[in-house]
Protein chains: 2
Amino acid sequence: MAPGGRRPGRQGTRAVILEAARASFAEDGYEQVSLRGIARRAGVDPALVHHYFDGKPALFVEVLQLGRDPRGIVEEIAADGSPGHGARLVRAFLEQWERAGGEDRNAPFVNLVQAVAASTDAADGLREFLTERVWSVAHGGDDSAVGQLRRALVSAQLFGVAWDRYLLRLEPFASASIDEVAAWVGPGVEAAMAATLPESGRPRPDPQPEPG
Amino acid sequence: MAPGGRRPGRQGTRAVILEAARASFAEDGYEQVSLRGIARRAGVDPALVHHYFDGKPALFVEVLQLGRDPRGIVEEIAADGSPGHGARLVRAFLEQWERAGGEDRNAPFVNLVQAVAASTDAADGLREFLTERVWSVAHGGDDSAVGQLRRALVSAQLFGVAWDRYLLRLEPFASASIDEVAAWVGPGVEAAMAATLPESGRPRPDPQPEPG
């Protein structure tokens, strides 16, 4: 039963479940959340949660898409080449996490990491989300070898900074302002966006057996 | 009771508990491990585990020190400046994880991440371990602002690459050889080791009130 006793329509029910899931993941962390608990919070029958969503990992990924609109990040990635775009991307990335955190700035990223470390399904979901919703938009789906390398290098930098700041709480990243961190990390991100495949990094041809 | 019924001495008991803990964390992951289970595996009374170790996070950190001798990494960091030192550091870092993994290459890093995301005590332990056992050796304890910044930038790169490879399983990092990843990431690590504080990254002086 929805709050106030109104019967939501199909889209309404799905949205109510998503909102309950978002709040549950944010407050309790991935591991503690059950589909039954989400149903209770949403005021719907647990069967409806199973009807709309294919399990906890799928619901988690849906919540990622709801809660963290990546357009700001996408715009920064697409702004490739203009001065300071690396720092702007770092700032957009960190702001996404801290805006979602409210009083506990670290919680959203810590919850994501818990989910991804606990479940390969959640890790697959995050990877697909990044690939299909973020990078494909920013680069028009450039899937060349060098395009993939640049994405992986940028991903490593951004998640590495979040790891230092929110999880390891390593100084100076832990206490600095977002602008300071962006100024420190921006140049490395710009280098990653412009990376090329080194000689030794190219796929090596299979050794050719001598004929005869 | 120790295997074979021998009564180990004090050092022996501690070592038997540590080995049981190492195996338990590696096989089951941080969350699933209990001190009682470790005691059972070690064949000792649970009170002895509490006698030697101050709780699960402390034991986890001890296991990190036992299982991952950081000297190889430290030597690479200390080789600062020689050609290719960034790539060598990346290689040493990844080899530590994969050597510990045996059949499941990803498991040691995933287990570490689970632990750090589940427990701020484990995160504190890892940070102190890195600070006291690794960086203090590599840099003779250089704790200047720029030294701290370089450590944080290098940490972000290394953990970011491990995140991409072992957790997110993002290509091309997931399937490439260690040498390939090292060649790709090495230049960024070298840049991080040589980073300087940008103007905007320096601590700002407090605003000075006008006298009078």
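Source: prediction; values computed, not measured.

Calculation criteria
Residues numbered from 1 in each chain as written. Chains lettered and ligands numbered in written order. Predicted model: local features only at pLDDT ≥ 70, side-chain atom pairs only at ≥ 80, totals over all residues. Helix = DSSP H or I, 4+ residues; strand = E, 2+ residues; numbered from the N terminus. Expected span 1.5 Å × (residues − 1). Buried ≥ 20, exposed ≤ 12 C-beta atoms within 10 Å, placed from the backbone. Contact = placed C-beta atoms within 7 Å. Nonpolar A, V, L, I, M, F, W, Y, C, P; charged D, E, K, R; others polar. Least-squares fit on C-alpha atoms with pLDDT ≥ 70 in both. Core = buried A, V, L, I, M, F, W, Y, C linked by C-beta atoms within 7 Å. Axes fitted to C-alpha atoms, helices over the stretch in contact; angles between N-to-C directions. Left-handed = near helix turned anticlockwise from the far one by under 90°. Domains from an automatic or database assignment.

Trainee: Please explain helix α9 (residues 145–167) of chain A as it appears in this structure.
Mentor: Since one α-helical turn is 3.6 residues long, residues separated by three or four positions face the same way. Residue and element names in this part refer to chain A. Here α9 contains 23 residues, and its C-alpha end-to-end distance of 31 Å stays within 8% of the 33 Å for a straight helix at 1.5 Å per residue. Here α9 lies mainly inside the structure; 19 of its 23 residues are buried. Residue Arg169 follows α9 closely and has a positive phi angle near 50°.

Trainee: Where do I start with the interface of chain A and chain B in this structure?
Mentor: On the side of chain B, 37 residues touch chain A, which itself brings 37 residues to the contact. Mapped onto the side of chain A that touches chain B, the elements with two or more residues apiece are α7 (107–118), α8 (120–139), α9 and α10 (178–193) of chain A. Counting residues per element, the side of chain A that touches chain B draws most heavily on α9(A), at 13 residues. Along the lines of polarity and charge, the residues of the side of chain A that touches chain B split into 24 nonpolar, eight polar and five charged.

Trainee: What is the right way to read the relation of the copies chain A and chain B from this model?
Mentor: Between the two chain copies there is a screw-like relation: a rotation about an axis and a shift along it. Once chain A has been moved 0.0 Å along the axis and rotated by 180°, it coincides with chain B to within an RMSD of 0.1 Å. As the rotation angle and translation indicate, the two copies are arranged about a two-fold axis. Among all C-alpha atoms of chain A, that of Gly160(A) lies closest to the rotation axis, at 2.0 Å. Comparing interface residues between copies, 100% of those in chain A also lie at the interface in chain B; the contact surface is shared.

Trainee: Any chance you could explain the nonpolar core here in plain terms?
Mentor: A general trend in soluble globular proteins is that nonpolar side chains are found buried together. Of all hydrophobic cores here, the largest spans 114 residues; its most connected members are Val90(A), Leu167(A), Val90(B) and Leu167(B). Contact partners of Val90(B), with chain neighbours within four places excluded, come to Leu158(B), Val161(B), Val181(B), Ala182(B), Val185(B), Gly186(B) and Val189(B).

Trainee: So what exactly am I meant to see when it comes to unusual backbone geometry here?
Mentor: Glycine aside, residues mostly have negative phi, and peptide bonds are mostly found in the trans state. All names here are of chain A. Put simply, Glu171 and Pro172 share a cis peptide bond, and its omega is 5°. Within the secondary structure, Pro172 is located in the loop between α9 and α10. At Arg169, a position not held by glycine, the phi torsion is positive, near 50°. With respect to the secondary-structure elements, Arg169 resides in the loop between α9 and α10.

Trainee: Please clarify how the packing of α9(A) against helix α9 (residues 145–167) of chain B should be interpreted in this entry.
Mentor: Each pair of packed helices can be described by the angle between their axes along with the distance between the axes. For the pair α9(A) and α9(B), the least separation of the axes is 7 Å and the interaxial angle reads 120°. Our pair here, α9(A) against α9(B), has a crossing hand that is right-handed. Each of Ala152(A), Ser155(A), Ala156(A), Gln157(A), Phe159(A), Gly160(A), Val161(A), Trp163(A) and Asp164(A) in α9(A) lies in contact with α9(B), whose residues at this interface are Ala152(B), Ser155(B), Ala156(B), Gln157(B), Phe159(B), Gly160(B), Val161(B), Trp163(B) and Asp164(B). Of the residues assigned to the contact of α9(A) with α9(B), the class counts are 10 nonpolar, six polar and two charged.

Trainee: Teacher, can you tell me more about the domain arrangement of chain A here?
Mentor: Much of the literature gives interface size as the accessible area that the parts lose upon coming together. As assigned here, chain A comprises domain 1 (7–66) and domain 2 (69–198). Only α1 (10–28) and α4 (55–67) of chain A provide two or more residues apiece to the side of domain 1 of chain A that touches domain 2 of chain A.

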